[in-house]
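Single-letter residue listing:
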Amino acid sequence: MSNSKQLTSALISVFHKDGLAPIVQKLNELNVTIYSTGGTETFIKELGIDVIPVEDVTSYPSILGGRVKTLHPKIFGGILNRQDHKGDIAEMKEYEIPQIDLVIVDLYPFEKTVASGASEADIVEKIDIGGISLIRAAAKNFKDTFIVSSMEQYEEFLHIISENNGITTLAQRKKFAAKSFNVSSHYDTAIFNYFNEDEVVFKASEQKGQVLRYGENPHQKGYFFGDLDAMFDKIHGKELSYNNLLDVDAAVNLMEEFKGEAPTFAILKHNNACGFAQRNTIKEAYVDALAGDPVSAFGGILIANTTIDDATAQEINDLFCEVVIAPSYTESALEILQSKKNRIILVQKEVALPTQLVRTSLNGLLVQDKDFITDTIEHLTYVTNTKPSATEIEDLLFASKLCKNTKSNTIVLVKNKQLLASGTGQTSRVDALHQAIEKAKNFGFDLNGAAMASDAFFPFPDCVEIADKAGIKSVIQPGGSIKDQLSIDYCNANNVSMVTTGTRHFKH
């Protein structure tokens, strides 16, 4: 059997007609016999091109409101027959089955229908039966049949038949078969996930992907699967790396906690905030965020919750940073920031973030709900005799949001809505506190009156004692230790206010 085949007949049944006309016209020019049904048949006729109704082949009408049109042995026999198999050739002749060596399908838009908020009845009607069956049949028989399974493939297919006068190679047919099984598996995954309520099964399918320069290190391959264009408008700079994407994810999730609040600026390094501040202007917020750790800020990821203006851009331009993210920029701010060739500038769009977190573990996956609880004043229990002031409460809640988005074990120190320092990713909470205190002092911060947040409870009173001796006078933590009272007793004896939230915020 020759690897190359001349197209002679086609079955076309699509939902989206955009981009189909040039293909139909080219097939007609190549004298390809065209079969179709329903709206696609009408579309082809309106182009002034001859088309044979599927009903003429099957001698059976479209029934059940269009649910059954192409599901017939004469259609699937025409697609699935092996053209070099004597038995198949004989049966094709015996049952007068027409050869079909090209199938073009575009499935009902199930996912878009679900996303539109349609009723269950409308969603169910958008589960394609005939189309998905045609795709699988044609893809299985790629040695003899060419399958186009999505409107996204129209342009490439048109190029193939135009360049080669309707002749396709085995490699091309196999390539499109692979595309088709991708389409069908994605479609079935979406349907399963819509219906599934009880099965503890993980199914995910992401159609958009890109090869990264490398992974976490140059010797590792790296890929990103998702639609970055839906998330950001990339204005300037090199391509985002694997490590950039991890940091950008951390930055976006952190700033989500401060959406709609006063101008807020964050600087992140290795997924943790090294600088963070909220002020009356975005410039002031940036300047104070940078002051939190100007050393770590080098090569960092910057994010703002409001427009970056000219004055802020001028300040940023003095810093070497990998990525700048904001919902918008003034025109001249963009000009300033683009003066550095490789600096990545992103405009963040309004896009819903995932509700679940997925990571590999051992020989499988771990899946969990995202931590959607953000501590608010309603969550606070005042466990000490000394109560925090209104200003201290603001700092405590501010620190708690930061703590939630910092690697555990962590301690976060805040004063006047500015991150003074944090201890991140430590094996001991005491070590995290020591790290934070030392770092704050190294950068000249006065810890007297500062607020401290912990992502988990204190099993012993050592942390509140160390904090108190450093000048910290208000504490927020989840509580829940069987020895909570020890920390409370120390605070009471030393006029330190402490509140508990009842919610732990581990982040590993």
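Residues numbered from 1 in each chain as written. Predicted model: local features only at pLDDT ≥ 70, side-chain atom pairs only at ≥ 80, totals over all residues. Heavy atoms only, no water.

Asker: Looking at this structure, how should I read the packing of helix H18 (residues 462-469) against helix H19 (residues 484-493)?
Answerer: One way to put it is that H18 packs onto H19 with a least axis distance of 8 Å and a crossing angle of 25 degrees. Compared by their axis directions, H18 and H19 come out roughly parallel. Classified by chirality, the crossing of H19 by H18 is right-handed. Contacts between H18 and H19 involve Val-464, Glu-465, Asp-468 and Lys-469 from the first element and Ser-487, Tyr-490 and Cys-491 from the second. By residue class, the composition of the contact of H18 with H19 is three nonpolar, one polar and three charged. (Axes fitted to C-alpha atoms, helices over the stretch in contact; angles between N-to-C directions. Helix = DSSP H or I, 4+ residues; strand = E, 2+ residues; numbered from the N terminus. Parallel < 35°, antiparallel > 145°, perpendicular 65-115°, else oblique. Left-handed = near helix turned anticlockwise from the far one by under 90°. Contact = heavy atoms within 4.5 Å. Nonpolar A, V, L, I, M, F, W, Y, C, P; charged D, E, K, R; others polar.)

Asker: Explanation requested: the sheet that holds strand E11 (residues 264-269) in the structure shown.
Answerer: Within a sheet, adjacent strands bond to each other through the backbone by hydrogen bonds, running parallel or antiparallel. With mixed pairing, the six strands of this open sheet are ordered in space as E10-E15-E14-E13-E11-E12. Unpaired on one side and paired on the other, strand E10 (232-236) and strand E12 (272-278) mark the two borders of the sheet. Between one strand and the next, the sheet's axes are offset by a mean angle of 20 degrees, whatever the strand orientation. Bridge count between E10 and strand E15 (residues 344-348): four bridges; the pairing is antiparallel. Across the sheet, the residue bridging to Phe-232 is Gln-348, located in E15. (Pairing = 2+ DSSP bridges.)

Asker: In this structure, what is going on with the nonpolar core? I would like to understand it.
Answerer: Generally speaking, a soluble globular protein has its nonpolar side chains buried in company with each other. Core analysis: the biggest nonpolar cluster contains 38 residues, and Phe-276, Ile-325 and Leu-402 have the highest contact counts within it. Counting 27 residues, the second-largest nonpolar core is a separate cluster that includes Ala-450, Val-475, Ile-488 and Tyr-490. (Core = buried A, V, L, I, M, F, W, Y, C linked by side-chain atoms within 4.5 Å. Buried < 20%, exposed > 50% of the residue type's maximum accessible area, 1.4 Å probe, protein only.)

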